[in-house]
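One letter stands for each residue in the lines below.
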Amino acid sequence: MKFQGFLSRTSRFVLCLTASYALPLYATPQTDTASVTRAALDPSLVDDRGANAHFVEQEAENAVTDGTIIGPARTAYTLPAEASGRAAVKLLPGQYVEFTLPKAANAITVRYSIPDSPTGGGITAPLDVSVNGRSLVTMTLTSQYSWLYNQYPFSNDPNADLLFPDQYITECACVPSATTPPPIITKPFRPNHFYDEQRLPLGHTYHAGDKIRLSAPASSNAAWTVIDLLDSELVGPPYLNRFALNVQLFGADPTGRRDSARAFDTAIAFAKLLHLEVYLPPGTYQVNRHIIVDNVTIEGAGNWYTIVKGHQVTLSTPLPDGSVHTGVGFYGKYAADGGSSNVHLSGFAIEGDVRERIDGDQVNGIGGALSNSTIEGLYIHHAKVGMWFDGPMSNLKVRNNIIVDEIADGINFHTGVTDSVVANNFVRNTGDDALAMWSDQIEDANNTFDHNTVQTPVLANGIALYGGTDNTISNNLVADPIREGSGLQVGSRFGAQPFTGSLWITNNTTVRSGPYELNWNIGLGAIWIYALEGSIDANIEVVGNSFLDNTYNAIMLVSDFPVKDLYTITNVHFKDDRVDGTGTSVVSARVAGSASFQNVDARNVGAVGVNNCGSFHFTPAGSEFTLIDLGSNDGGGTTGPWLAPWELPNTITCDDRPPVVPPPPPSPWDTSE
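Quick caveat, the model's predicted, so the values are computed rather than measured. Positions within a chain are numbered from 1, following the residues in the order the chain's sequence is written. Restriction of local features to residues with pLDDT of at least 70 applies here, the model being predicted, together with a cutoff of 80 or more for giving and counting side-chain atom pairs; totals for whole chains, interfaces and linings are based on all residues. Side-chain numbers here rest on the full set of heavy atoms in the structure, without hydrogens or water.

## What to know about the overall build of the chain
Runs of H or I in DSSP of at least four residues are treated as helices and runs of E of at least two as strands, each being numbered from the N terminus. Secondary structure assignment for the chain yields three helices and 60 strands. The size measure is the radius of gyration over C-alpha atoms, and the globule rule it meets is 2.2 Å times the number of residues to the 0.38 power. What you see for the chain is a C-alpha radius of gyration of 25 Å, in line with the 26 Å of a compact globule of 673 residues. Note on exposure labels: buried denotes an accessible area under 20% of the residue type's maximum, exposed denotes more than 50%, and partly exposed covers the range between, all computed with a 1.4 Å probe on protein chains only. Here the chain holds 673 residues, and the buried ones make up 61% of them. Note on definitions: a residue-residue contact is assigned when non-hydrogen atoms from the two residues lie within 4.5 Å. In the chain, the share of contacts with a sequence separation of at least 24, taken over all contacts with a separation of at least 6, comes to 75%. Only the protein chains shown count as cover for residues, and the accessible areas themselves come from Shrake-Rupley with a 1.4 Å probe. For the chain, the accessible area works out to roughly 24,300 Å², and carbon and sulfur atoms hold 54% of it.

## Comments concerning the pairing of strand β7 (residues 105-113)
The buried fraction of β7 is high, at nine of nine residues. For two strands to count as paired, DSSP must find a minimum of two bridges between them. Pairing between β7 and strand β10 (residues 196-206): seven bridges, direction antiparallel. Note on β10: the bridge partner recorded for Thr109 is Arg199. In terms of strand pairing, β7 meets strand β12 (residues 225-233) through seven bridges, oriented antiparallel. Its bridge partner lying in β12, Tyr112 is registered against Ile227.

## So, the side chain of Ser146
Checked against the element boundaries, Ser146 lands in the loop between β9 (134-142) and β10. Classification of Ser146 by relative accessible area gives buried; the value is 5%. For Ser146, the residues in contact, after removing those within four places along its chain, are His193, Phe194 and Tyr195.

## Observations regarding the confidence of the model for the chain
pLDDT expresses, on a scale from 0 to 100, how confident the predictor is about each individual residue. Looking at the chain as a whole, its pLDDT mean stands at 93, while 94% of the residues score no less than 70. Predicted confidence for residues 1-32 stays below pLDDT 50, and this span has 73 contacts to residues more than four positions away or in other chains.

## Details of the packing of aromatic side chains
Each Phe, Tyr or Trp ring (for Trp, its six-membered ring) is paired with any other whose centre lies within 6.5 Å, and the angle between the two planes then decides the class: stacked below 30 degrees, edge-to-face above 60, tilted in between. Applying the stated rule across the entire model yields 21 aromatic pairs. On the basis of an interplanar angle of 90° and a centroid distance of 5.1 Å, the ring pair of Phe55 and Phe426 is categorised as edge-to-face. Placement of the pair is Phe55 in strand β2 (residues 55-59) and Phe426 in strand β36 (residues 426-428), with a sequence separation of 371 residues. With a relative accessible area of 4%, Phe426 lands in the buried category. Ring geometry for Phe250 against Phe270: centres 5.5 Å apart, planes inclined by 40°, an arrangement best described as tilted. On the criterion of sequence distance, the pair formed by Phe250 in the loop between β13 (245-246) and α3 (261-274) and Phe270 in helix α3 is long-range, its members being 20 residues apart. On the basis of relative accessibility, which here comes to 25%, the residue Phe250 falls in the partly exposed class. Each residue in the set Trp147, Tyr149, Phe194 and Trp224 is aromatic and connected to the rest through ring pairs, giving one cluster. Lysine and arginine charges are scored as sitting over a ring when NZ or CZ, respectively, is within 6 Å of the ring centre and within 35 degrees of the ring normal. The lysine or arginine in question, Arg199, covers the ring of Trp304, its NZ or CZ lying 4.2 Å from the ring centre. Of note, Lys564 hangs over the ring of Phe561, and the distance from its end group to the ring centre comes to 5.0 Å.

## Some details on the state of the cysteines
In this description, a disulfide is simply a cysteine sulfur pair whose atoms lie within 2.5 Å. Per the stated rule, a full pass over the model turns up two disulfides. For Cys613, the disulfide goes to Cys654, at an S-S distance of 2.0 Å. With the S-S dihedral at roughly 80°, the linkage between Cys613 and Cys654 falls on the right-handed side. Remark: Cys654 occurs in the segment after β60 (640-641) and Cys613 occurs in the loop between β57 (610-612) and β58 (625-629); sequence separation between them is 41 residues. The class of Cys613 is buried, set by a relative accessible area of 1%. Cysteine pairing for the chain, with bonded cysteines counted in sequence order: 1-2, 3-4.

## Brief notes about the nonpolar core
One finds Phe264, Ile298, Phe330, Ile366, Phe389, Leu557 and Phe597 to be the most contacted residues of the largest nonpolar core, which totals 86 residues. With six residues, α3 is the largest single contributor of residues to this core. One finds Val97, Val110, Tyr112 and Val131 within the second-largest nonpolar core, a separate group that totals 28 residues. Side-chain atoms within 4.5 Å link the members of a nonpolar core, which is a set of buried Ala, Val, Leu, Ile, Met, Phe, Trp, Tyr and Cys residues.

## Looking at the sheet that holds β36
Spatially, 12 strands are ordered β15-β18-β24-β28-β32-β36-β39-β42-β45-β50-β53-β56 in an open sheet, and the strand pairing comes out parallel. Each edge of the open sheet is held by one strand with a lone partner, namely β15 (283-286) and β56 (601-605). The sheet shows a mean angle of 10° between the axes of neighbouring strands, taken without regard to direction. Here strand β50 (residues 546-550) runs beside strand β53 (residues 578-582); their pairing, made up of four bridges, is parallel. Within β53, the position partnered with Leu548 by the bridge is Asp580. Whenever a helix is involved, its axis is fitted only over the stretch in contact; in every case the axis is a line through C-alpha atoms, and angles between N-to-C directions fall within 0 to 180 degrees.

## Notes on the sheet that holds strand β3 (residues 64-65)
The five strands lie next to each other as β3-β6-β11-β8-β9, forming an open sheet whose pairing is antiparallel. Bordering the open sheet on either side are β3 and β9, each of which pairs with just one other strand. Here strand β8 (residues 124-131) pairs with β9 via eight bridges, running antiparallel. If you follow Ser130 over to β9, its bridge partner there is Ser135.

## A word on the pattern of salt bridges
Counted as salt bridges are all cases of a side-chain nitrogen of Lys or Arg within 4 Å of a carboxyl oxygen of Asp or Glu. Using the criterion set out here, one finds 21 salt bridges in the structure. Note that Glu197 and Arg428 form a salt bridge whose closest N and O atoms lie 2.9 Å from each other. Remark: Arg428 occurs in strand β36 and Glu197 occurs in strand β10; sequence separation between them is 231 residues. In this structure, Glu197 and Arg428 share a single accessibility class: buried. A salt bridge links Glu376 to Arg399; the shortest N-O distance between them is 3.1 Å. One end of the pair, Glu376, is in strand β27 (residues 373-376); the other, Arg399, is in strand β31 (residues 396-399), with 23 residues separating them in the sequence.

The structure is reproduced here in structure tokens:
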């Protein structure tokens, strides 16, 4: 297929990526270079877990630099804590970090942080990119989409007073407005969401062994530049669909200077009338509102080539859904309006313009109700939520997408989403749950989240389930949750429908999870089951998972103290799981109920294997939580096997806040162990 005439109408961006597009979107990277990691781990530790991504990841702290390595550290509101692997490289003006390409590449992604402006709103700063000692280009980094402050739902102003002085805060262990004398609160209060990332086509295919150097110019206006990691990849030429309706024929502007929303609408209307697909050729298209999709296929040339980008627009009057802004997004009709069906979106990027969290705003990359539909190969950046689906709806497949730098969730199945799949997606730096099923009003049922990678959710959990029936979480990789959440959560909360039927949590890996919970002043588990608004008694099977390098606990079963005598957790079954490294216990139980354990092996445990506080009544009969030993639960705690016979069936071993003993890094598990 010849592209010459077609390419002459496009930007230089199209010409710089020249490898074969026949490669699958998520091909397995072939490299034996030791510097390559997955979630800052040796790839051998996460074989067949997480997304099979088409790029390779290299951590800056493993590269050559004359800068300063910051971290590893896991304290929230610090730059190392939000970095992949909890470490990064800090460059002062004039310093560099240099990566050696592990395989051929013609494009890179740089994850970085630069300072905010003194009054908020961000700055821009240069970053020089050179290859093999020859200057290539100067990137313009920005902090306009990072740096949030204060209490939820946060502020962009580093100098703001407490948003809710009538709420308890851990920093003073008090309610500030009810405390005399009032506490002094350091500003900026709780800075977070430090990182952003930027993609760059290199204009040429470079080879394994070539050197990519990132330098902060000596004249940089940024006092420092932190480089977290480099992703490199070989991107093929643009996809061409000659038999679809080209949006440029309807007036869409590939330069991005004119708004193309009406042209998109017209092309979609004609495509539906003529039973054709819609094609978005290479270019940047300005779209500043929702594009409503129903019974249509829209294909781009590939998410490096076709970019749909919009400004956030303030509305003169709020919409019925509560939005005070609109912005770029592809939305199915809402379920109340009949929903949408047979929608297929693929091969383009959505670049939003969301810089503050307003929960009522519908400024998501993908939204509405989409039944019998597919979403594949998108890159979604700077939206509020990457994809937020409001059901009821069914049979949606979300595959092979990249969702990064969102203010809130990555993907959320909200209200009655059924028989749907989220698979092989890469999600990094979300401001809330990266992947979630929320059975609000109507249960989510028969859904699967499989082989996804989640990295550095700044707030809440990597993967969370709030109610639902017969759902599956399998083969995912979750790394580095920062605060007020952990790797995996099963929660009776947010008004969700109860868990019923079964829940299968199988063959997942978490790493550097189980963080400190600021509001409770305790550590969480890498997986935590939380009975806040009702008892949890569905059949929960937690099988074949690996919980690596846990900051506190690997497993937590918990209720909130005010409802500890109202709700229980039962019918949970752990089997064939492995725990490699806990700062404290393998299991922390802070609720009444029971769980069974079979062939759960542990090593490098920092405290007593079971911290069993039950519901804190400490009756003469023992704890109100029972651990059922079904055998072969091996490995050492500080006092012998982590599930020792003298701790059963319900002996109290409650140490409410045991000291943390940082574990050694994870290592391969001897199959004979």
